[in-house]
Amino acid sequence: MPRALVTGITGQDGQHLAEFLHTKGYDVFGLVKGQNNPKGDAIRKEFPFVQLVPGDLADLTSLIQAVEVSAPDEVYNLAAISFVAMSFNQAELTANLTGLGVLRMLEAVRIVGGNQANPMRFYQASSSEMFGKVRETPQTERTPFHPRSPYGCAKVFGHDIVVNYRESYDMFACSGILFNHEGPRRGLEFVTRKVTNAAARIKLGLQHELVLGTLDTKRDWGYAGDYVKAMWLMLQQDEPDDYVVATGVTHTIETMVELAFTEVGIADWRQYVRQDPRFTRPAEVDLLIGDASKARDKLGWKPEVDFADLIKMMVAHDLQWEASKAGITTPDV
Ligand code: NDP
Ligand code: GDP
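Everything numeric in this text was worked out from a predicted model, so none of it was measured. (Residues numbered from 1 in each chain as written. Chains lettered and ligands numbered in written order. Predicted model: local features only at pLDDT ≥ 70, side-chain atom pairs only at ≥ 80, totals over all residues. Heavy atoms only, no water.)

Peer 1: Lay out the overall build of the protein chain with the relevant residues and their values.
Peer 2: Looking only at helices and strands, the protein chain has eleven helices and 13 strands in total. Expected size for 333 residues packed as a compact globule is a radius of gyration near 20 Å; at 20 Å, the protein chain falls within 12% of this value. Judged by the C-alpha coordinates and their principal axes, the protein chain covers about 60 × 45 × 40 Å. Per-residue burial for the protein chain yields a buried fraction of 52% across its 333 residues. (Helix = DSSP H or I, 4+ residues; strand = E, 2+ residues; numbered from the N terminus. Rg over C-alpha atoms; globule rule 2.2 N^0.38 Å. Buried < 20%, exposed > 50% of the residue type's maximum accessible area, 1.4 Å probe, protein only.)

So, in structure tokens, the structure goes:
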């Protein structure tokens, strides 16, 4: 059985990837931080096949131990401070975990993996946020980076150090430059889930308004379940490389809000939505749209779930989730 170590197992992508690798017959190991992390218990319950190993991206020794214990064929480095807004308030922590954390994981793999007959393969979760103030549209693997947040800057460092380790030590290390991807497991702090959850709660009478920042920015949103397949495909190739993973379609926040409210049967969404500068950022990424031709041609990857079905899936989940928490019967919408 192939073995995989996934950092960020308690996050959205970690959960999708764990499920996917399990169906592929992998022994899945997941890195969990903290001394009694409640998210670790949730993983034990929902994914009993995952073997949890302790470790923190800030602590190289713990990462070396995690790699030793799991002895993986493939390492997927998904752990990070992943919320752009938070990265402005905790820039140093973001640089340490989202940036330097990549270096530490690479070192752990280099140190432990050096003793193995078959070199470990390494996947890094790079981000479209690296394109920031975009230099060209759509963005490809060759588009120069211009990050607009401490998160974006940290991801650029992570991306560049992966390329450097690949070239310096001949490591099989790949970066997936993934555009925004969402789903029912997305954190409530991200705009899609904040909106689908609010639409569901407003429909159920549990909430009366939705407070947002900008409605004008555009994102290329895909489904997380599709995107983890691209991560795996990258590590199955003969040569390591970097790939953009995106749908190639972009929408405004406003369109997304309209769609989510329409899903719950509310036509006049504007009466529930208020804008507040509290949710705007010191610097914004106005437009993202990716060209995933390379992933399509070389990996044979393409997205399966489109934007409308993604929002529909998230609203349906949130309606049921919120209704069951409140002991309400889910309305027909
Ligand atoms: P999440 O925020 O859902 O998950 C982040 C994970 O990182 C959690 O499991 C968290 O653990 C873990 N983590 C945070 N700090 C540490 C630490 N110090 N040591 C060990 N683990 C830590 O992110 P996603 O699943 O959405 O994203 C996965 C990766 O992909 C991230 O690197 C993200 O930046 C990147 N990415 C995501 C995109 C998206 O649209 N989702 C787009 C492009 C890139 P805990 O739960 O215990 O806090
Ligand atoms: P990001 O693309 O990784 O920053 O993902 P987010 O979901 O956090 O944000 C996507 C876009 O939505 C950004 O342009 C945000 O500024 C914008 N946005 C507008 N209002 C909000 C809000 O209330 N919360 C969040 N998270 N983003 C918002």
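Peer 1: An account of the domain arrangement of the protein chain is needed here, citing residue identities and associated values.
Peer 2: Domain boundaries assigned for the protein chain yield domain 1 (3-182 + 223-245) and domain 2 (191-219 + 249-288 + 306-326). Relative placement of domain 1 and domain 2: their C-alpha centres are 28 Å apart. Each partner contributes residues to the interface: domain 1 has 16 residues there, and domain 2 has twelve residues. Counting the surface lost from both domain 1 and domain 2, the interface buries some 1,200 Å², and carbon and sulfur atoms represent 66% of this. Counting across the domain 1 and domain 2 interface gives one salt bridge. (Domains from an automatic or database assignment. Contact = heavy atoms within 4.5 Å. Buried area = accessible area lost by both parts, 1.4 Å probe. Salt bridge = Lys/Arg side-chain N within 4 Å of Asp/Glu carboxyl O.)

Peer 1: Hey, could you go over unusual backbone geometry for me, with residue numbers and the actual values?
Peer 2: For the bond from Thr137 to Pro138, the omega torsion is -5°, close enough to zero to count as cis. Its place among the elements puts Pro138 in the loop between β5 (121-127) and α6 (150-169).

Peer 1: Account for helix α7 (residues 191-203), with residues named and values stated.
Peer 2: In a regular helix each residue adds 1.5 Å, so 13 residues correspond to 18 Å; α7 covers 18 Å between its end C-alpha atoms and thus fits that length. Considered for burial, the residues of α7 that qualify are Thr192, Arg193, Val195, Thr196, Asn197, Ala198, Ala199, Ala200 and Ile202. Gly205 lies just past α7 and shows a positive phi near 75°. (Expected span 1.5 Å × (residues − 1).)

Peer 1: Hey, could you go over the environment of Pro38 for me, with residue numbers and the actual values?
Peer 2: Structurally, the position occupied by Pro38 is in helix α2 (residues 38-46). Expressed as a C-alpha distance, the spacing of Pro38 and Leu235, which sit 197 residues apart in the sequence, is 31 Å.

Peer 1: Talk me through the site of ligand 1; I want residue IDs and the actual numbers.
Peer 2: Near ligand 1 you find 25 residues, and of these Thr10, Lys33, Asn37, Ser82 and Tyr151 are the closest. The contact in question runs from an oxygen atom of ligand 1 to an N or O atom on the backbone of Ala80, over 3.2 Å. Contacts to ligand 1 include Ser82, whose side-chain N or O atom sits 2.6 Å from an oxygen atom. When contributions to the shell around ligand 1 are tallied by element, the ones reaching two or more residues are α1 (12-23), β5 and α6. A total of three residues in the shell around ligand 1 trace back to one element, the largest contributor, which is β5. Looking at the shell around ligand 1 residue by residue, the classes come out as nine nonpolar, ten polar and six charged. (Near = heavy atom within 4 Å. Polar contact = N/O pair within 3.5 Å; in protein donor to acceptor, adjacent residues only side chain to side chain. Nonpolar A, V, L, I, M, F, W, Y, C, P; charged D, E, K, R; others polar.)

Peer 1: Report on the site of ligand 2, specifying residues and quantitative values.
Peer 2: Surveying the vicinity of ligand 2 reveals 18 residues, the closest of which are Val191, Lys194, Arg219, Arg281 and Glu284. Gly213 places a main-chain nitrogen or oxygen 2.9 Å from a nitrogen atom of ligand 2. Protein burial of ligand 2: of its 540 Å² of free accessible surface, 97% is covered by the chains. At the level of elements, α7 and β8 (210-212) are the ones that each hand at least two residues to the shell around ligand 2. The class makeup of the residues in the shell around ligand 2 is eight nonpolar, four polar and six charged. Split by domain, the residues of the shell around ligand 2 number at least three in each of domain 1 (3-182 + 223-245) and domain 2 (191-219 + 249-288 + 306-326). (Areas by Shrake-Rupley, 256 points an atom, 1.4 Å probe, with all protein chains shown as cover.)

Peer 1: An account of the sheet that holds β5 is requested, with residue identities and associated values reported.
Peer 2: In space, the seven strands of this open sheet follow the order β3-β2-β1-β4-β5-β6-β11, with parallel pairing throughout. Either end of the sheet is taken by a strand with one partner, and the two such strands are β3 (51-54) and β11 (242-245). Shown here is a sheet whose adjacent strand axes are inclined to one another by a mean of 20°, direction ignored. The strands touched by helix α3 (residues 60-70) within the sheet are β1 (3-7), β2 (27-32) and β3, with β1 carrying the most contacts at an inclination of about 155°. (Pairing = 2+ DSSP bridges. Axes fitted to C-alpha atoms, helices over the stretch in contact; angles between N-to-C directions.)

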